[in-house]
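Coordinate inspection notes
Next come the chains, spelled out residue by residue.
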Amino acid sequence: MTSSDTFFGGAPDVVASAPGRVNLLGEHTDYNDGFMLPVATPQHTTVAMKKSGDGHFYFYSSTLDTGIDFPEGGSPPPGFGSYIEGCIRLLQSEGIKVPALRVYASTELPVGSGLSSSAALEVATLRALRQLLGIELDDVKLARLAQRAEIEYARVNCGIMDQMASSLADRGHMLFIDARTLEHRLVPLPPDAEIIVLDSGVARKLAASKYNERRAECEEAARKLGVASLRDVTDPESVEQLPPPLRQRARHVVRENLRVLEATRGVSAERFGELMNASHASLRDDYEVSIPELDALVDALRAAPGVYGARLTGAGFGGAVVALCRAGQARQAAQAALSAYNKHERAGRILIPVPEQGKENNEPV
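Residues numbered from 1 in each chain as written. Predicted model: local features only at pLDDT ≥ 70, side-chain atom pairs only at ≥ 80, totals over all residues. Heavy atoms only, no water.

**Structural notes on the overall build of the protein chain**
Which entries qualify depends on this criterion: In DSSP terms, a helix is any run of H or I states spanning at least four residues, a strand is any run of E spanning at least two, and both are numbered starting from the N terminus. Two things to know: the radius of gyration comes from C-alpha atoms, and the globule rule equals 2.2 Å times the number of residues to the power 0.38. By definition in these notes, contact holds between two residues if any of their heavy atoms fall within 4.5 Å.
Of the regular secondary structure elements, the protein chain holds 10 helices and 11 strands. Rg of the C-alpha trace for the protein chain: 20 Å, near the compact-globule value of 21 Å for 365 residues, within the 12% margin. Taken along its principal axes, the extent of the C-alpha atoms in the protein chain is 60 × 50 × 35 Å. A separation of at least 24 residues holds for 69% of the contacts in the protein chain among residues at least 6 apart in sequence.

**Remarks on the environment of Ser75**
Which entries qualify depends on this criterion: Definition of a polar contact: a pair of N or O atoms within 3.5 Å, with one able to donate and the other able to accept a hydrogen when the atoms are protein atoms, and with sequence-neighbouring residues admitted only if both atoms are side-chain atoms.
Structurally, the position occupied by Ser75 is in the loop between β4 (66–71) and α2 (80–93). Through-space distance from the C-alpha of Ser75 to that of Glu85 is 7.4 Å; in sequence the pair is 10 residues apart. Those residues within four positions of Ser75 in sequence are excluded, and the remaining contacts are Phe70 and Glu85. At a separation of 2.7 Å, a polar atom in the side chain of Ser75 contacts the side chain of Glu85.

**Let's talk about the layout of surface pockets**
To be explicit about the condition: Computed over the protein atoms alone on a 1 Å grid, cavities are sets of points where a 1.4 Å probe fits but cannot get out and pockets are open sets with protein on both sides within 12 Å along at least five of seven lines; a residue lines them when it has an atom within 4 Å of a point. Grid points are joined across faces, edges and corners, and a volume is the space filled by probe spheres set on the points. For this scheme, ten residues count as nonpolar: Ala, Val, Leu, Ile, Met, Phe, Trp, Tyr, Cys and Pro. Four count as charged, namely Asp, Glu, Lys and Arg, and the remainder, Gly too, count as polar.
In this structure, the largest pocket encloses a volume near 910 Å³. Considering the residues around the largest pocket, the lining is formed by 47 residues, among which Tyr83, Val111, Ser117, Ser118 and Glu150 are closest to the centre. Elements that contribute at least two residues to the lining of the largest pocket include exactly α2, β5 (101–107), α3 (117–133) and α5 (161–168). The residue inventory of the lining of the largest pocket, partitioned by class, reads 22 nonpolar, 18 polar and 7 charged.

**With respect to the nonpolar core**
Generally speaking, soluble globular proteins have nonpolar side chains that are buried together. Note the threshold: Buried residues of nine kinds, namely Ala, Val, Leu, Ile, Met, Phe, Trp, Tyr and Cys, make up a nonpolar core once their side-chain atoms join them within 4.5 Å. Remark: exposure states derive from per-residue accessible area (1.4 Å probe, protein chains only) relative to the maximum for the residue type, with buried under 20%, exposed over 50%, and partly exposed in between.
Ranked by size, the top nonpolar core spans 43 residues in total, and within it Ile196, Leu198 and Leu230 carry the most contacts. Breaking this core down by element, the ones donating at least two residues are β8 (193–199), α6 (211–225), α7 (246–263), α9 (292–303), β9 (307–313), β10 (320–326) and α10 (330–341). The element that contributes the greatest number of residues to this core is α10, accounting for 6 residues. The contacts of Leu198, once residues within four sequence positions are left out, are Leu297, Leu301, Gly319, Ala320, Val321, Ala334, Ala337, Leu338, Arg349, Ile350 and Leu351.

**Details of the confidence of the model for the protein chain**
Formally: Every residue is assigned a pLDDT by the predictor, reflecting its confidence on a scale from 0 to 100.
When pLDDT is averaged along the protein chain, the result is 92, and 95% of the positions lie at 70 or above. When the criterion is pLDDT under 50, residues 354–365 qualifies, and its contacts beyond four places in sequence or with other chains add up to 33 contacts.

Okay, structure coming up:
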């Protein structure tokens with residue numbers, strides 16, 4: 001693996017970082033103009049930059065141990081470079097001159113676990129560019145540009161929740177996001193509770209998943225209901241008139257929005273756990289983005305002492321689950337759950353003991 005000092009031949013000009021995110025409620029609602037409640041992860045993605053001075057871009061990912069280079073008028077091959085290129089090209093499209101650069105990306109986030117390492121890379125890249133070029137770029141506009149980079153250059157038709165969370169969330173509070181207006185505010189976590197995130201051991205590859213298919217189904221459901229998006233459905237029962245699978249997709253989105261809005265009203269940890277449990281059931285049965293491993297890990301967590309509720313987090317099809325636990329009992333609950341889960345030749349592990357951080361992050365159990 002190439003070190004940063006070797007890659008730059010010294011120190012970079014700027015360094016910026018951005019966290020991943022864990023979504024507690026509001027899954028697959030962002031591209032339906034809905035509501036979400038993510039929190040930031042303690043792990044970050046870091047991007048360092050330096051002007052290359054020779055008319056070539058050089059990108060290096062320490063996670064992948066992969067380097068690429070191309071001339072100013074060219075483009076990188078599909079892959080991690082597409083996210084970085086998208087951020088650069090979108091600034092250039094706004095008339096901002098971006099010189100040829102050397103870009104070194106590293107991350108503490110486990111790639112493929114559904115903690116939004118891609119959004120963290122985009123936000124960290126734009127933060128570094130903001131610093132390097134001395135441009136005015138507020139955190140909401142930065143999130144919008146990051147989302148466009150993923151859609152237009154990585155070819156993932158994503159909503160904006162991941163980028164908003166990476167740009168604006170913190171670890172101590174949930175970030176309420178209205179995907180239509182981008183209204184956002186920090187909301188306290190349920191009292192006397194803490195969060196833990198476990199990896200299922202099944203890597204999730206978003207671009208290869210049925211994410212785009214789900215989005216298209218939601219858009220078709222909205223058209224049949226005569227609304228701009230599923231966020232505009234005022235009568236939850238009206239979705240029952242739709243044919244399958246549009247009925248199930250719309251049912252999940254409409255009820256998930258209601259769960260988020262209830263959770264922002266200061267519910268107890270017990271009630272918040274119930275909302276998380278209901279969310280997972282909906283993602284499993286109506287949205288059909290869970291897999292047996294995620295279901296098994298959620299069940300193992302719910303059976304562990306001190307757990308209020310658990311659900312998959314992220315787009316599904318693999319990745320991670322999140323649990324809300326009694327304060328001080330998250331690690332004990334996680335170890336009990338993993339002991340049961342890993343008996344079946346699985347490789348689950350703790351990803352985020354919140355509020356703990358440090359050497360225990362990503363620790364196999």
